[in-house]
Structure formats: structure tokens, C-alpha cells
Amino acid sequence: MSRTMHLAVFAQGVGVSQSVWRSARTHPESMHTLGHWTELARLAENGCFDAFFIADQLNLAPTIAMDATDRPDPVVVLAALAAVTSKIGLIGTSSTTYNDPYTVARQFATLDQISDGRAGWNVVTTAIATAAANYGSAGLPDHDARYERGEEFVDVVRALWDAWATDAIVGDRESGVWADLEKITAIDHVGPHFQVKGPLTLPRSPQGQLPLAQAGSSATGMKLGARVADMVFTTQHDFEAAKEFADSMHALAVDAGRTSGAVKVLPGITPIVGKTEAEARELAREIGSFISEESTLGFLKQAFGGLDLTGYGLDEPFPDLRDQLPSHASVSRPELFIRTALQESLTVRQLAQRVGMSIGHRPLVGTPDSIADEMARWFEGGAADGFIVLPADLPVGLAEFVELVVPRLQHRGLLRKAYTGSTLAEHLAE
């Protein structure tokens, strides 16, 4: 059986490119309306994407003065989208650092029920100091401590999802028995971070265990993803490095007692589509013209755990800051940004512009055929099981990708032309 390319769309406001709200291609005045989110979800569903993904951030971004980085609650938005879509998976982010396992398990189990089995949870730990302040904490736990809590958090959530047997609901009107109590069990979890009795207040979800997404590319993050994730989102720019990462994730899944194909590795891409190469380059130039180096340096400061870059000249070579990162900082994204800048001899301004276009993911600027060619090369070469698509601007960037690139992938037999399953787990199993 041939492999199927898996696609998820990363939906953020009016697009991931910094200050793209200034573009005439966007309508920022409507980005908090249900109509806006409905249009995006239906576009992705028309493109037969596996999932519609909403990330989260628990603090007001430092770039808010110039960039539309407003963040609604993903679970609330996805619950609304469950009513206006019928097939596409609905994945939301919820942090293991500033949440409670019982609450998260209950929220996503409810979302799975009302969407008929289309929910998924993106597992993240939080490494942003201002988010810690919003939750009554003076500082952030270091990287390893965050993941220790995260590992236990995930195990508790999964245990709660298993607390109801599939046939626990009896629903016998004649006898008056609604549920078989012997098939609803407490989990009685006692661990270093959590004490949770359980069970949940609603029956087992249609998918049983909901699919999990995860994005940690550090050694600790990869180990967690290999053990529990169904999808791993990653930032990769180089084919060989991407293939090495994908091979490592698949091998780690086997080491964790799973099959190598149990984890789908999805590098991020930001497609900027033109009918000609020149048209695509001009669109990229236009979108890039809205980027503010000052705001992007604020984004990088947050990504680097609070490390301030404003003391460096914009046209100076980007410095090697790897030994200066705080212990609580994320590992993989700063490492990738710094390594890319050093390998390509980028200045501070050049790295800021690149990150500002696609929040650090790989831009694909070209015609529908050239973009499909590059996606096929990575997919067929084993560097990706699919892609998470981060449109630079929304909704037009997504609409153009669905209209122009998706049919080319379908024509090559790489992407489904229609959904064959009805749950997110079934989409991922293809």
C-alpha cells in the first residue's frame, strides 16, 4: 500500500508572517469572528487535510504593538468548528506546565464527543517567563523539570481517557440502569507532580485514546514524542537534516515498542504561491515588507528564553549564543535559528527577516508545480511523512494552496482526493 501525504494547517489569526494584517489580502477586523475561523476550516477540509491545528500562547506577545498576535483559546474555537465541519481533525494546544491533567482530559474528551471523534491534543511544555507570571509563578522550571512534569501529565490524561470501558453505558430503560459501575474505574494516580483519583465525568471518547501531536525536537522532547505522539511537528530547512530527524523519530518509536510508522513527522512549510516564479517572488517581497526587525527581535527574545538581542547591530553577523541560553529556554528552536545563521553567515537583520516571514519554518516560494515538486521530494525521500502548512497570510494564502498545489499532489497520487475515514485517528492511519 502506498504512503499518503499527511497535511495539517497551522491557523493563526490572519497568517504567520509578521504584521501581515497590514496586507490588503487580509481582513484583520474579522479574525476573531466565527465566520473567519469557519472559512479557514472549510478551506482545509476542502483540501482533504488531516487536521486543522490551533496553537496557543499563555502570555501577550511582546510584538503586539505592531503584530496581530492575539490568541483565542483553541479549545473554544475548535468546539465551534466541530459544528461547521464534518471530516477534518481538530487539534488544539494545551500546556502541561500551566494546566491540570483532569481539566485537559475532560476538555478534549468533550471535544472528541461533540465532533464524532475528530479531536487531537497538541502536547507542549511552556518556556516563556511572562506566561509563568500569569499563573502565579516567579520563574520557569528548567527544561528537564518541565518535561518530567509533562511526561506524568500525559500519562494521567491517557489513564483518565481509559477510565470508562467502551460498553460502560448500558442505557436500559426497562431496568433503569444507565451505566455499569464495574466498567467505570478510578485511576487513583499518585505521582511526584499529581494526585488524581478520577474517573472523568463523561464516557469514553469515540476514538478511545485521542491522537496526540507534539513538537519537541530536543532529545527529551523526541523521547516523549516517540512514546506517545501520533504526529510530530518539526522545524527543518535542510533535506538531509530533516531525513535524519525523521529516521531518528521512527527508530525511537520502535524502541518505545511501537511501529516505525506510528509517528508521522510533519516539518513546517510556509508556501507562497504565484502563477510564475517572478509572481511568487514579488508576493514574498510584498509580504516581507511588513516585517519589523524590532518586533522580530522581540519574538526571538521570547524564543531564546529572554535573551536580549537588541545590543547587536542589525547588520552585524549573528552571534553564536548557544552557551548563553538560560536553562529554562527551549532547546530545538534556538539551536536551529542559531545554526542556520552561522552556517549561512546571516546578519541579525537577515535572520530576523527570515524568521518573521514564517515564524522560523521553511518558506517555499514558487509556482504550484515547483512547490508540489519540493514537497514530493521530501515526502518520497523519507524526510517527511507530510507537512504542517503555515500560510503567511489568511485566508488567501490557504485558499491558493488548496486551489493550486493540492490538486497537483492529488494528481500524483500523493494526497487523498476524498476522506475515507471519519475520525482523526483514521486519517492518520492512511
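Here goes a summary of the coordinates provided. (Residues numbered from 1 in each chain as written. Predicted model: local features only at pLDDT ≥ 70, side-chain atom pairs only at ≥ 80, totals over all residues. Heavy atoms only, no water.)

1. Focus on the environment of Ser 358
Item 1. Here Ser 358 is to be found in helix α11 (residues 348–358).
Item 2. According to the relative accessible area criterion, Ser 358 is buried, its value standing at 0%.
Item 3. Measuring from C-alpha to C-alpha, the distance between Ser 358 and Glu 426 comes to 30 Å, with 68 residues separating the pair along the chain.
Item 4. Looking at Ser 358, its side chain comes within polar contact range of the main-chain oxygen of His 361, at 2.5 Å. (Helix = DSSP H or I, 4+ residues; strand = E, 2+ residues; numbered from the N terminus. Buried < 20%, exposed > 50% of the residue type's maximum accessible area, 1.4 Å probe, protein only. Polar contact = N/O pair within 3.5 Å; in protein donor to acceptor, adjacent residues only side chain to side chain.)

2. Digging into the packing of aromatic side chains
Item 1. One pass over the full model with this rule turns up 10 aromatic pairs.
Item 2. Where Phe 53 meets Phe 233, the ring centres are 5.0 Å apart and the plane angle is 45°; that geometry is what we call tilted. One end of the pair, Phe 53, is in strand β2 (residues 51–54); the other, Phe 233, is in strand β10 (residues 231–234), and 180 residues separate them in sequence. Of the two residues examined, Phe 53 and Phe 233, each falls in the buried class.
Item 3. Taken together, the ring pairs connect Phe 108, Trp 121, Phe 153, Trp 161 and Phe 194 into an aromatic cluster.
Item 4. The ring of Phe 379 has Arg 3 lying over it, and the distance from NZ or CZ to the ring centre is 4.0 Å. (Phe/Tyr/Trp six-rings, centres within 6.5 Å; stacked < 30°, edge-to-face > 60°. Lys NZ or Arg CZ within 6 Å of the ring centre and 35° of its normal.)

3. Observations regarding the pairing of strand β3 (residues 89–95)
Item 1. Within β3, seven of the seven residues are buried, which leaves the element mostly enclosed by the surrounding structure.
Item 2. Burial of the side chains of β3 extends over both faces: Gly 89, Ile 91, Thr 93 and Ser 95 are buried on one face and Leu 90, Gly 92 and Ser 94 on the other.
Item 3. Across four bridges, the pairing between β2 and β3 is parallel. When the bridges of β3 are listed, Phe 53 appears paired with Ile 91.
Item 4. Between the parallel pair β2 and β3, the chain is carried across by helix α2 (residues 74–81), and the sense of this crossover is right-handed. (Pairing = 2+ DSSP bridges. Right-handed = clockwise from strand over helix to strand, strands pointing away.)

As far as function goes, none of this settles anything; it's purely spatial.
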